[in-house]
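# Residue-level structure breakdown
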Amino acid sequence: MAAVSVRLPDGTTKELEPGTTALGLAQAIGPRLAKAAVAATVDGHPVDLATELAEGNEVSVVTAATPEGREVLRHSTAHVLAQAVLRLWPGAHFAIGPVIEDGFYYDFELPNGERFSDDDLERITAEMRTIMGEDQPFVRSEHTFAEGLELFADQPFKREIIEAVGAGGEGVDALSEGASPTSVSTYWNAPGFTDLCRGPHVPSTGRLGHFALMRVAGAYWRGDEKRQQLQRIYGTAWESDQALAEHLTRLEEAEKRDHRKLGAELDLFSFPEELGSGLAVFHPRGGTIRRLMEDYSRQRHAEAGYEFVNTPHITKSNLFETSGHLDWFADGMYPPMELDGGQEYYLKPMNCPFHILIIKSRQRSYREFPIRLFEFGTVYRYEKSGVVHGLTRVRGMTQDDAHIFCTREQMADELHSTLTFVLSVLRDYGLEDFYLELSTRPDGKAVGSDEEWAEATETLRSTALAMDLDLVMDEGGGAFYGPKISVQAKDAIGRTHQMSTIQLDFQLPQRFDMEYIGADNSRHRPIMIHRALFGTVERFFAILLEHYAGALPTWLAPEQVRVLGVRDDHQVYVDQVAERLGGAGFRVSMEPADEPLGARIRRAKLLKIPYILVVGDDDVAAGTVGVNRRGSERPVRGVSVDSFVEALHAEVDARALPESQDTVEAAPA
RNA sequence: GCCUGGGUAGCUCAGUCGGUAGAGCAACGCACUCGUAAUGCGUAGGUCAGGAGUUCGAUUCUCCUCCCAGGCUCCA
């Protein structure tokens, strides 16, 4: 038989004995590659190392320490998790066990309605290690549908996955689980354990081991609230113990910058239990940050031609009947209060109907458009108890809400300038890395004609495409009244957050029967653009706090400078310096010298104050300060007060980022 | 709303196999007067989340409620 020739990723070809597997190829290339190999790709398809290679195949070996390799490790570890659970809970049913970012999960239904507790994770981990110690092979085989159903006769979830494909529908889930339109693939590990799976897998369980089970959770079967809730176990797996440890360290680092933790440490806000879930109070330091955020926002909006309005927090029910919110979102609204002999009043969950009423307060001419109304509007939403989360998901929140009313002809220009404005303002707050998402008409739950949706969606799409940013689609993710563009931003540790949204709305103007008089002297209906830039002040606050790990840029810092005297007889000079800085418009404080200097510096450092000025005998004599800048290795002594003030002005005016605070230098000798 | 785990001093936590609690930091007082991330001593601080039940006795056991965390679902 002739040798088999395969092509490698570097473009070279390799001659192999007929029947050589992917693992054999790896061994032929080198023992280290063979050792690191977990799977392979053949002509672009991921396969097991046991796959026999054929003439002309393009083959690459997948090693453990790559994104593809980790997927294989995680998927295989998920199998072992399932095997362990089935061993420990005879009669358990297993559902799906996919790879997710940085890990995997597996869903189970335990016999007699049993549930996992945290303690079970240890038992399961131990069982998994036993299975890995047994070094069981992952043996792939292909079956017909009938055989598949037979094989999983006592596993209803597996049967449902197979049947879904057999019935020709809902194939996506099933495909990744190993059921395809033509066959069913499985992996056998040991007598009594076969899992439905597409693969590929590592050759044997002995290749696994650098994993940790993280937590248990409930999860609805197929993500459907109306179906039964399964027991889910989350885990993570890596190519080495070191990689696993690094991952766990990253999680700890992220925890340290959690805004809820920082909020308490920096005395910014709290959630008094007396108020109820999801209701925050902002303390003076947090209130100052909010004020600064809001002030700058107001300034930018004023410059961009927005007009400022104010509207009440409650309204008669008819407003939300007209808007349609009561039809769609009554569950998410606080229940009504009954006043004035039966009239129902609602706390407002949205500002838009109020702004519409402002437009409708008198007849409008086309000459007035576009009209851009802006309000920091506080709204209340009855979020389900399980979803409330820090400042990012609350029940009382303030939207930086703008509604732009314009003619159809102005619509495209307005969208473009709005999106440009939004990105510019976000950048000023220090967010840099963006992509856009276009959310289209939701299934079932939407108002308006197909034509209107199509036009609105296309208009938004062309606006987004003009931005020179990546655009991803979010099919069905729009609001009931219109599609939206959302701006997604990456933070300092690479997480993405949905920031601003821009929604195009043909519906509410109709529902409220809005109109203006056009140049043709007849009545026309305006277009409405909904736009939140921060989203909510609370959520944006939280994202900034985590982005900066609490070390806000000087222009946003609640306290910018703290002046410390070396001894208490420097206090007169401390007061002079503080007064000078306060007079120059900076937020400054001081602390008397009744504790050692190191202790006072430490306290200021823990509050992440950008500048600590230390003054002693030399400074009193020379009119200077010692500048201890946040993030710098060593302080700079002998800086003149004038040059410090000047540098601080420059930094604040530039809204400089914390890492670029290279502004204060020692005064020339 | 559902699943799992939790709530002890302002914060971080220990403890009580059922006999009403302790540390460090913070706060307050006194002393120390110091040149860049923790000075010393002392004082005070708790309905052990709230309510009900079992018990001679509950912070501890049981139930309910509230609140928090991680998920699921949801997010105008």
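Report follows, based on the coordinates. Fair warning: this is a prediction, and the values are worked out from it, not measured in the lab.

## Side note on the nonpolar core
Counting residues in each nonpolar core, the largest one holds 73 residues, and the members touching the most others are Met293, Tyr429 and Phe644. Examining the composition of this core, we find that 8 residues originate from one element, helix α14 (residues 411-428), more than from any other. Once residues lying within four places of it in the same chain are set aside, the contact partners of Met293 are Tyr429, Phe534, Val537, Phe540, Phe541, Leu544 and Leu556. Counting residues in each nonpolar core, the second largest holds 49 residues, with Val62, Tyr106, Ile162 and Leu213 among its members.

## Remarks on the protein's contact with RNA strand B
Around RNA strand B lies a shell of 64 residues, among which Arg215, Tyr220, Gln229, Ser385 and Arg602 are the nearest. Of what RNA strand B places within 4 Å of the protein, 51% of the atoms are sugar or phosphate. A distance of 3.0 Å separates a sugar or linking oxygen of RNA strand B from a polar atom in the side chain of Tyr234. In the model, a base nitrogen of RNA strand B is placed 2.7 Å from a nitrogen or oxygen of the Asp619 side chain. Listing elements by their share of the surface near RNA strand B, those giving two or more residues are β12 (211-220), β13 (229-237), α12 (325-329), α19 (597-606), α20 (617-622) and β33 (624-629). In terms of residues, the surface near RNA strand B owes the most to one element, α19, which gives 7 residues. Looking at side-chain class alone, the surface near RNA strand B contains 23 nonpolar, 19 polar and 22 charged residues.

## Quick word on the sheet that holds strand β32 (residues 611-615)
In space, the 5 strands of this open sheet follow the order β31-β30-β32-β33-β34, with mixed pairing throughout. Edge positions in the sheet fall to β31 (588-591) and β34 (636-640), since each has one partner strand and no second. In this sheet, neighbouring strand axes are inclined to one another by 35 degrees on average, regardless of whether the strands run parallel or antiparallel. Pairing between β32 and β33: 4 bridges, direction antiparallel. When the sheet's bridge partners are listed, Leu613 is paired in β33 with Val627.

## Re the environment of Leu545
Relative to the assigned elements, Leu545 resides in helix α17 (residues 537-547). Relative accessible area serves as the criterion here: at 1%, Leu545 is assigned to the buried category. Along the sequence, Leu545 and Asp327 sit 218 residues apart, while their C-alpha atoms lie 36 Å from each other. The residues contacting Leu545, other than those within four sequence positions of it, are His259, Leu262, Gly263, Leu268, Phe269 and Gly550.

## Quick word on the packing of aromatic side chains
This structure, assessed with the given rule, holds 28 aromatic pairs. On the numbers, 6.0 Å between centres and 80 degrees between planes, the contact of Phe269 with Phe271 is edge-to-face. Between Tyr296 and Tyr429, the aromatic rings sit 5.7 Å apart at their centres with planes inclined by 75 degrees, giving edge-to-face as the arrangement. One end of the pair, Tyr296, is in helix α10 (residues 284-303); the other, Tyr429, is in the loop between α14 and β23 (433-439), with 133 residues separating them in the sequence. Here the two residues Tyr296 and Tyr429 agree in accessibility, since each one is buried. One aromatic cluster is present, formed by Trp89, Phe94, Tyr106, Phe108, Phe116 and Phe193 through successive ring pairs. The aromatic ring of Trp238 is capped on one face by Arg74, whose charged end is 4.4 Å from the ring centroid. Geometry around Phe354 places Lys348 over its ring, the cationic atom sitting 4.8 Å from the centre.

## Details of a nonpolar patch on the surface
Judged by side-chain polarity, Ile314, Met337 and Leu339 come together as a nonpolar surface patch covering roughly 220 Å² of accessible area. Mapped onto the elements, Met337 comes out in strand β18 (residues 337-339). Residue class for Met337 comes out partly exposed when judged on its relative accessible area of 35%.

## Considering helix α3 (residues 67-88)
The terminal C-alpha atoms of α3, which comprises 22 residues, lie 31 Å apart, in line with the 32 Å expected from a rise of 1.5 Å per residue. Within α3, 17 of the 22 residues are buried, which leaves the element mostly enclosed by the surrounding structure.

## A short note on the pattern of salt bridges
Within the structure shown, the criterion is met by 41 salt bridges. The shortest N-O distance in the salt bridge between Glu225 and Lys384 comes to 3.4 Å. Of this pair, Glu225 sits in the loop between β12 and β13 while Lys384 sits in the loop between β21 (371-380) and β22 (396-406), and the two are 159 residues apart along the sequence. By relative accessible area, Glu225 is classed as exposed at 51%. Glu515 is paired through a salt bridge with Arg523; the nearest N and O atoms lie 2.3 Å apart. Beyond isolated ion pairs, a larger network of salt bridges with shared partners links Arg285, Glu559, Arg562, Glu591, Glu595 and Arg603.

## A word on the side chain of His497
Structurally, the position occupied by His497 is in strand β26 (residues 496-505). For His497, a relative accessible area of 15% corresponds to the buried category. Reaching out from His497, the side chain makes a polar contact with the side chain of Asp491 at a distance of 3.0 Å. Not counting residues up to four positions away in its chain, the partners in contact with His497 are Val487, Gln488, Ala489, Asp491, Arg539 and Ile543.

## Topic: helix α15 (residues 450-465)
With 16 residues, α15 should cover 22 Å at 1.5 Å per step; its first-to-last C-alpha distance of 22 Å lies within 8% of that length. Burial in α15 covers these residues: Glu452, Trp453, Ala456, Thr457, Thr459, Leu460, Thr463 and Ala464. Along α15, the residues classed as buried sweep out an arc of 160 degrees about the axis, all on the same side. Away from its buried face by more than 90 degrees, α15 exposes Asp450, Glu451 and Leu465. Against α14, β23, β24 (471-474), β25 (484-490), β26 and α16 (507-511) lie the buried residues of α15.

## Topic: the side chain of Thr63
Looking at the secondary structure, you find Thr63 in strand β5 (residues 59-63). For Thr63, a relative accessible area of 18% puts it in the buried group. When sequence neighbours within four positions are dropped, the list of residues in contact with Thr63 reads Leu33, Ala36, Ala37, Val38 and Gly69.

What counts as what
- Residues numbered from 1 in each chain as written.
- Chains lettered and ligands numbered in written order.
- Predicted model: local features only at pLDDT ≥ 70, side-chain atom pairs only at ≥ 80, totals over all residues.
- Heavy atoms only, no water.
- Core = buried A, V, L, I, M, F, W, Y, C linked by side-chain atoms within 4.5 Å.
- Buried < 20%, exposed > 50% of the residue type's maximum accessible area, 1.4 Å probe, protein only.
- Helix = DSSP H or I, 4+ residues; strand = E, 2+ residues; numbered from the N terminus.
- Contact = heavy atoms within 4.5 Å.
- Near = heavy atom within 4 Å.
- Polar contact = N/O pair within 3.5 Å; in protein donor to acceptor, adjacent residues only side chain to side chain.
- Nonpolar A, V, L, I, M, F, W, Y, C, P; charged D, E, K, R; others polar.
- Pairing = 2+ DSSP bridges.
- Axes fitted to C-alpha atoms, helices over the stretch in contact; angles between N-to-C directions.
- Phe/Tyr/Trp six-rings, centres within 6.5 Å; stacked < 30°, edge-to-face > 60°.
- Lys NZ or Arg CZ within 6 Å of the ring centre and 35° of its normal.
- Patch = residues over 30% accessible without salt bridge, like charges linked within 9 Å, V, L, I, M, F, W, Y side chains within 5 Å.
- Areas by Shrake-Rupley, 256 points an atom, 1.4 Å probe, with all protein chains shown as cover.
- Salt bridge = Lys/Arg side-chain N within 4 Å of Asp/Glu carboxyl O.
- Expected span 1.5 Å × (residues − 1).
- Arc of directions from axis to C-beta.

Interpretation note: all reported values are geometric properties and have no functional meaning in isolation.
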